Amino acid sequence: MPGAVFPSLQEGVPCRSTVMISALTRKFIQSPSINLEENFCLRRRLRTCSCRRCVDACPSQALSDEGGKVSLNPDKCTSCGVCVASCPGDAFSFAGFILSQLLEEQANDKSLVISCCRSRLASENESRLPCVGVMPPESLLFLGLSRKREVQFNLTECTECENRPAADFFVRLFQHVQQLAGHLFRADLILVQSVNELPVDAAGDRRTFLFSLGTTVAEAVKGQFALEPAQNRKPVKGKRQMARTQLIRTILKRDPDIRDELIKLCTPEAQVSLSCTHCPRCKAICPTGALKIEKDGKGKLLSYDRTLCTACGLCVTFCKEKAICIREADIVPPKPQLDRRTISSD
C-alpha cells in the first residue's frame, strides 16, 4: 500500500482550530456513545422480521435480540460504530454526528485526512469520526468519486485500540470497494497504517507537542460531537430517506455520465414473480418509499425505485405470495466476520 504525504503543520503556534482538534487524543477524550432508536428498528416495524445484522456485526457482543427485540448493553459497547454502518433502518447513531453531512461539508477540499477521534493529530486538514467502523461502503464510493486529489485514512493507532476488529473490517471493506469501483474513482483513497508514514511536526515531535497541550484544551472540546443538532427524522409510520441512500442519490446526481454503471454497482435489485397480486402490503411496509403501486391503462403496476432501497427485506417477509426477492448491492461486502471479544461482566 503506497504511503501518504500529509500536509505539514505550520511553524510556530498552531491556530485555535488545530489546537482543539489535536486535543482529541485517546488520553483525553472518549468516543461519543451510541444511541439506539428502537422506533426505527425493522423489528419494531414488523414483528415477524428476523433482521439481526447489527447483532451479528457487533464485535463486543453489546447487542442482543432476545424476545424479538434488539437491546444495547452500554457497558459492553465500545462505540466502534459498526452497527451504525450495518443497520438498514438507521436505528443507530452517535449524538450530534451525521456522516453524510460531514462528507458533504468536505466536498470542496483538495485533500482530506480521516481519523478516529481517539487517534492523535495527523494533519490540519483532518476530519474526525467516532471510529472508522461507522463508514458504510457508500461513503467510500462518495469519497472516491469526489473532486478531491486524495483521501487518506489514518489507521496508525488502530492496532492498539479496543476497536481493532472494526478497523480490520474497514480495511477489508476498503479493499472490496476499491476492487469493484476503483476504476471509476477520481480521488486516490489511501490507507495509512504505519506511524513511519506520518509527518513530524515542524515545531518538534508530534507526540510531545500533543502531550504538552494539557487537559485544559481537552475540556474545551469535550462537547464537540454534541454541538450539532441531532438529525431530524420523520415518524416511523412515514417514509424516510436513509443515510446510505442519501449518499447514493447525491452521487448519482453528481455523476450522471456513469449513472447506469453506478446504479448496477451500488443499489439493490428487486425481482417480482408473476404471483404478485399488486396488493399494497409491500408498499405499506417499505420504510423508504422504494415500492409503490401505480396504475396505467391496463391496470396496476408495482413500481420499484432501487435508489431508495436499503435491502432491508421487510417487503420479502411481509408479502403473502412470496413474490418479491431482493438482491443486495454488489458494493456491500459479505456479512462481516468480526473477531469477538470476551467482555467481563464484572
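Quantities reported herein were computed from a predicted structural model and do not represent experimental measurements. (Residues numbered from 1 in each chain as written. Predicted model: local features only at pLDDT ≥ 70, side-chain atom pairs only at ≥ 80, totals over all residues. Heavy atoms only, no water.)

Undergrad: Tell me about the overall build of the protein, residues and numbers included.
TA: Helix and strand content of the protein: 13 helices and 12 strands. Per-residue burial for the protein yields a buried fraction of 49% across its 346 residues. Summarising the internal contacts of the protein: among those between residues at least 6 apart in sequence, 76% fall at separations of at least 24. Accessible surface, the protein as shown: approximately 17500 Å² in total, 50% of it carbon and sulfur. (Helix = DSSP H or I, 4+ residues; strand = E, 2+ residues; numbered from the N terminus. Buried < 20%, exposed > 50% of the residue type's maximum accessible area, 1.4 Å probe, protein only. Contact = heavy atoms within 4.5 Å. Areas by Shrake-Rupley, 256 points an atom, 1.4 Å probe, with all protein chains shown as cover.)

Undergrad: Before we move on, could you go through the pairing of strand β7 (residues 150-154) and cite the residues and values that matter?
TA: When you tally the buried positions in β7, you get five out of five residues, the bulk of the element. By the alternation rule, side chains of β7 split into E150, Q152 and N154 and V151 and F153, which are all buried. Pairing of strand β5 (residues 111-116) with β7, which is carried by five bridges, proceeds in the parallel orientation. Across the sheet, residue L112 finds its bridge partner in β7, namely V151. Strand direction decides the pairing type here: β7 and strand β8 (residues 188-192), joined by five bridges, are parallel. Note that in β8 the partner of E150 across the bridge is D188. Assessed by its sense of winding, the connection that carries the chain from β7 through helix α7 (residues 164-181) to β8 is right-handed. (Pairing = 2+ DSSP bridges. Right-handed = clockwise from strand over helix to strand, strands pointing away.)

Undergrad: Summarise the packing of aromatic side chains; cite the residues concerned and give the values.
TA: In this structure the tally under the stated criterion is four aromatic pairs. A centroid spacing of 6.3 Å and a plane angle of 85° characterise the contact between F94 and F97, whose relative ring orientation is edge-to-face. Exposure class is identical for F94 and F97. Each is buried. Three or more aromatic residues link up through ring pairs in this structure, and these residues are F153, F170 and F174. Above the plane of the ring of F40 lies R240, whose end atom (NZ or CZ) is 3.9 Å from the centre. (Phe/Tyr/Trp six-rings, centres within 6.5 Å; stacked < 30°, edge-to-face > 60°. Lys NZ or Arg CZ within 6 Å of the ring centre and 35° of its normal.)

Undergrad: Describe helix α11 (residues 259-266), with residues and values.
TA: Within α11, the full set of buried residues consists of L262, I263, L265 and C266. On an axial view of α11, the arc spanned by its buried residues comes to 170°, and they lie on one face. For α11, the exposed residues lying more than 90 degrees away from the buried face are D260 and K264. Structurally, α11 contributes buried residues whose contacts are with α6 (137-144), α7 and α10 (243-254). (Arc of directions from axis to C-beta.)

Undergrad: Can you lay out the side chain of T307 for me, pointing to particular residues and giving the numbers?
TA: Positionally, T307 belongs in the loop between β11 (299-304) and α13 (314-318). For T307, a relative accessible area of 5% translates into the label buried. Side chain to side chain, T307 and R249 meet in a polar contact 2.6 Å long. Among the polar contacts listed, one links the side chain of T307 to the side chain of D305, at a separation of 2.6 Å. Apart from residues no more than four positions distant in its own chain, T307 is found in contact with T245, R249, L252 and T267. (Polar contact = N/O pair within 3.5 Å; in protein donor to acceptor, adjacent residues only side chain to side chain.)

Undergrad: Just give me the short version of the environment of Q152, but keep the residues and values in it.
TA: As for its placement among the helices and strands, Q152 is situated in strand β7. Reaching out from Q152, the side chain makes a polar contact with the side chain of E150 at a distance of 2.4 Å.

Undergrad: Account for α6, naming residues and giving values.
TA: Along an α-helix, residues three or four apart share an orientation, since each turn contains 3.6 residues. In terms of residue burial, α6 counts as a mostly covered element, since eight of its eight residues are buried. Listed as buried for α6 are P137, E138, S139, L140, L141, F142, L143 and G144.

Undergrad: Pulling in residues and values, what's your account of the nonpolar core?
TA: One finds F92, M135, L141, L143, F153 and F170 to be the most contacted residues of the largest nonpolar core, which totals 60 residues. Broken down by element, this core gets its largest block of residues, eight residues, from α7. Contact partners of L141, with chain neighbours within four places excluded, come to V177, A181, F185, I248, I251, L262, L265, C266 and I331. Core analysis: the next-biggest nonpolar cluster, separate from the first, contains seven residues, L46, C51, C312 and L314 among them. (Core = buried A, V, L, I, M, F, W, Y, C linked by side-chain atoms within 4.5 Å.)

Don't take any of this as a statement about function, it's just geometry.
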